[in-house]
Each structure stands twice: as structure tokens, then as C-alpha cells.
Amino acid sequence: MSRERPLSLVTGASAGIGAAFARALAARGYDLILTARRTDRLEALATELRRAHNITITVLPLDLATPGAAQKLADAIAVHGLAVDWLINNAGYGMPSSFDAYDWERHADFLRVMIEAPTELVARLLPAMRAAGYGRIINVASLAGLVPASAGHTLYAASKAYLIKFSQALALENADRDVHVCALCPGFTWSEFLDVAGTRATMKVPSFMWQTAEAVVAEGIEAVEAGKPVKVTGRVNRGIKVLARLIPDRLGLWIMERQARPFLANTRLGADTE
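Residues numbered from 1 in each chain as written. Predicted model: local features only at pLDDT ≥ 70, side-chain atom pairs only at ≥ 80, totals over all residues. Heavy atoms only, no water.

K.L.:
Can you tell me about the pattern of salt bridges, naming the residues and giving the values?
P.N.:
Under the criterion given, the structure shown has nine salt bridges. When the shortest N-O distance is used, the salt bridge between R23 and E48 registers 2.9 Å. One end of the pair, R23, is in helix α1 (residues 16–27); the other, E48, is in helix α2 (residues 39–53), with 25 residues separating them in the sequence. Residue class for R23 comes out partly exposed when judged on its relative accessible area of 37%. Across the pair R136 and E225 runs a salt bridge, and its minimum N-O distance is 2.9 Å. One end of the pair, R136, is in strand β5 (residues 135–140); the other, E225, is in helix α7 (residues 213–225), and 89 residues separate them in sequence. Each member of the salt-bridge network shares a partner with another, and the members are R28, R136, D178 and E225. (Salt bridge = Lys/Arg side-chain N within 4 Å of Asp/Glu carboxyl O. Helix = DSSP H or I, 4+ residues; strand = E, 2+ residues; numbered from the N terminus. Buried < 20%, exposed > 50% of the residue type's maximum accessible area, 1.4 Å probe, protein only.)

K.L.:
Please set out the packing of helix α4 (residues 104–132) against helix α5 (residues 156–174) residue by residue, giving values where relevant.
P.N.:
Following both chains from N to C, one finds α4 and α5 inclined at 10°, their axes separated by 10 Å at the closest point. When the axis of α4 is compared with that of α5, the two are roughly parallel. In this structure, α4 uses F110, M114, I115, P118, T119, V122, L126 and R130 to contact α5, whose residues at the interface are Y156, S159, K160, Y162, L163, F166, L170, E173 and N174. Its residues placed into classes, the contact of α4 with α5 shows eleven nonpolar, three polar and three charged. (Axes fitted to C-alpha atoms, helices over the stretch in contact; angles between N-to-C directions. Parallel < 35°, antiparallel > 145°, perpendicular 65-115°, else oblique. Contact = heavy atoms within 4.5 Å. Nonpolar A, V, L, I, M, F, W, Y, C, P; charged D, E, K, R; others polar.)

K.L.:
Explain unusual backbone geometry residue by residue, including any values.
P.N.:
Phi angles above zero are rare outside glycine, and N54 is one such case at about 55°. In this structure, N54 sits in the loop between α2 and β3 (57–59). In this model, S97 sits at a positive phi of 105°, which is unusual for a non-glycine residue. Relative to the elements of secondary structure, S97 occurs in the loop between β4 (86–89) and α4.

K.L.:
Could you give me a rundown of the pairing of β5, with the residues and numbers involved?
P.N.:
The element β5 is extensively covered by neighbouring structure, given that six of its six residues are classed as buried. For β4 and β5, the ladder comprises four bridges, and the chain directions are parallel. The partner of N89 across the bridge, within β5, is N139. Regarding topology, α5 serves as the crossover connection from β5 to the parallel strand β6 (residues 179–185), and that connection is right-handed. (Pairing = 2+ DSSP bridges. Right-handed = clockwise from strand over helix to strand, strands pointing away.)

Below is the structure:
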């Protein structure tokens, strides 16, 4: 470990799972770097956690959809003379409706946040972890990356599937340096995610299928410490994962198409006003 108090970088830290990660790691006594678009949210969270845990917190507001943002973030960390021990690649959002409801610029922004930024941050921060002989990387993926694709979320599940495979390979490559990598795969989580995507009203999901952000984070931290490359949170979600493996692909796609039909109908017209 590179210091007595590990330093954790959390992207998308202003709310939801990101904020829950910040609180959980602060409670462990870890110093933090918090980044997201909303400066006021980050500063409020930093103030709360400094007072509660007497730790050092660096706030670096940034929009990871901006070209070159990941390099800018890594450069800012270097300018502050910091070395990251824990990387939580959490930033993300959804783009509900069909693929052709958005222009390419919107898709390009999405791919920068969901794939390019987490990949580049690992590339820029991993060498120091390997040199120090210690590191923890959690890529927040999703159960969506492990089940058949759904209409209306064209790039979301695809990006999460990428993070899962990326994490598995990284875990194998770096285990001998005590650098653990885990793809965290929650299902439905109580957070602002659905509000930002504008899809909460269309999601008719039984209450037993939801988890709190705090529960998701607790499972993620336990899993990465144990060296698990993939962690599906919650018993219900683990059951869904097993079922998805057992049923034929055609049946799985048929089920997803039927489930997505009312959602897609409700979001198609409003997709350009997200």
C-alpha cells in the first residue's frame, strides 16, 4: 500500500452509488478525490465527509463526456502530487429510447463516459498501482451486461458488458501485484439514475428487486478486497444471472422484447428532451 491512508478516486461521486462509495471509503479513513459535473454537490459531500472523518478530500469537477477529460483528470491528480490506490469508475447515465432517436454526437458523448473514460483512467493510474504493489479498481457495470439485450437501451448494456470483460482480463493480469479489479454488477438501485434518464415513471418493478446504493457498495468493497473479478449484487440479481445463462438466446430475447415494449413506446417520443 502506497501510504497509511489509501487515496480513492470516485467518478460520478455527486449522487447515488458514487456518493455511497465516497461515504463508505471515508468511513474506512481513506482520503478521497471526488469528481463529477455538479460542483455544488461535490463540495457539499466533501464538507460533510471532512467533518465526519477528518480526512483529506480533493474536489475536481469535470464532465467526462468532454474529449480529453480523462487525461485532464489524470493530469490534475499528478499536479496535486497524488497517487491513487482505489479507483472507482462509477460515472454513467442512460439514454432511453431507440438508437436512432439520438444523433451521433450524443452517442459519442455517452461512449466517452461509459467506455473511453474508465478505460483511460485505468491505463493512466494502473502503472503506479503495480509499481506500489497495491491497488483496487472497481468498474461499476450492471446486471444488464450479463443478460440478453433490451430494446430501448442500445448502448447501455453493451457498454456494461465491455466493462465486465475488461475487468476480468485486468484482474487476471494484475493479481500477482496485489492489484484487484472487480466489475460490480447491480440491478435496480435506489438512486437518481432513473430520474436523470427520465424513466422512473415507466419502470414498474416489484420492491423486492431493488437495492439501496449502500448495500450495493458494501458488496462491491467486500468483493474487490476478496479478489473477485465480477460481483453481481443481491440474491435476486444473482438468480436472474443464472436463469439468463440457462434459457436459450431466442427465448431470452423474446422475454426482453416483451418487457421493453411499453417502456420503448413511452420513451421514444421524449428521447430528444432528456
